[in-house]
Amino acid sequence: MENLLSLAQLVLALSVAFVWIFRYDNVVKEFKQFGLNELTRNIVGASKIALATLLVAGIWYPSLVQISSVLMGLFMIAAQYFHFKIKNPFSKHLPSLILLMLCAIIALLSIQ
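Chemist: I'm lost on the overall build of the protein chain in this one. Help?
Modeler: A tally of helices and strands in the protein chain yields 5 helices and 0 strands. N-terminal to C-terminal, the α/β element order of the protein chain is α-α-α-α-α. In terms of overall size, the protein chain behaves like a compact globule, its C-alpha atoms giving a radius of gyration of 14 Å where 112 residues would be expected to give roughly 13 Å. Scored against the burial criterion, the 112 residues of the protein chain give a buried share of 36%. Relative to all contacts within the protein chain whose residues are 6 or more apart in sequence, the contacts with residues 24 or more apart total 64%. Of the accessible surface of the protein chain, which amounts to about 6900 Å², a share of 71% is contributed by carbon and sulfur atoms. Charge-centre separation for the protein chain: the mean point of 8 positive side chains lies 11 Å from the mean point of 4 negative side chains.

Written out as structure tokens, the structure is:
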């Protein structure tokens, strides 16, 4: 079970990092569609990358995992809200929905 938790943490962290580092142009477009400013986008991005880093560090320091996954989950709930707000098709909701479920699984598995 511990290996599954570590794998889930890595998948979540790498997915978030990939989007915010290598697909940043897509993030910029989405935040404009959502009506959010650059400062908000930058704060969200820095927070998500920091949480992703904590999730990876949580492989060695398990006390970091639960709070990091819950906070990341809150960002994914916010993403769902904004996708609904602008009436995006379900395909646009899917990535953050999958990551939200992964956050919930990680949070539940990391209860000590």
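Chemist: What is the right way to look at the layout of surface pockets in this model?
Modeler: Over the atoms, a rolled probe matching the size of one water molecule traces out where space is still vacant. For the largest pocket, the calculated volume is near 540 Å³. Along the walls of the largest pocket sit 25 residues, with Val19, Glu30, Lys48, Ala79 and His83 positioned nearest its centre. At the level of elements, helix 1 (2-22), helix 2 (24-34), helix 3 (38-57), helix 4 (65-85) and helix 5 (90-109) are the ones that each hand at least two residues to the lining of the largest pocket. When residues of the lining of the largest pocket are assigned to their parent elements, the largest contribution, 6 residues, is made by helix 4.

Chemist: Would you mind going over the nonpolar core with me for this structure?
Modeler: General note: in soluble globular proteins, nonpolar side chains tend to be found buried as a group. Core analysis: the biggest nonpolar cluster contains 19 residues, and Leu12, Val16, Met72 and Ile106 have the highest contact counts within it. Broken down by element, the residue count for this core peaks at 6 residues, all from helix 1. Apart from the residues within four sequence positions on either side, Met72 is in contact with Leu12, Val16, Lys48, Leu51, Ala52, Leu55 and Cys103.

Definitions and limits used
Just so you know, the residues in each chain are numbered from 1, in the order the chain's sequence is written. Local features are withheld for residues below a pLDDT of 70 in this predicted model, meaning they are given only at 70 or higher, and side-chain atom pairs are given and counted only at 80 or more; totals for whole chains, interfaces and linings count all residues. The basis for the side-chain values is all heavy atoms of the structure; hydrogens and waters are excluded. Only runs of H or I of at least four residues qualify as helices and only runs of E of at least two qualify as strands under DSSP, and these elements are numbered from the N terminus. In this setup the radius of gyration rests on C-alpha atoms only. A globule is expected at 2.2 Å times the number of residues raised to 0.38. Burial here depends on accessible area, computed with a 1.4 Å probe over protein chains only, as a share of the maximum for the residue type. Under 20% is buried, over 50% is exposed, and the range in between is partly exposed. Should any heavy atoms of two residues lie within 4.5 Å, those residues are considered in contact. Computed by Shrake-Rupley with a 1.4 Å probe, the accessible areas treat only the displayed protein chains as cover when residues are assessed. In this charge count, Lys and Arg are treated as positive and Asp and Glu as negative; neither His nor the chain ends contribute. Positions of charges follow a simple convention, taking NZ of Lys, CZ of Arg, CG of Asp or CD of Glu. Cavities and pockets were defined on a 1 Å grid built from protein atoms only: a cavity is a group of points that admits a 1.4 Å probe but offers it no way out, a pocket is an open group of points flanked by protein on both sides within 12 Å along at least five of seven lines, and a lining residue is one with an atom within 4 Å of any such point. Grid points are joined across faces, edges and corners, and a volume is the space filled by probe spheres set on the points. To form a nonpolar core, buried Ala, Val, Leu, Ile, Met, Phe, Trp, Tyr and Cys residues must be joined to one another through side-chain atoms within 4.5 Å.

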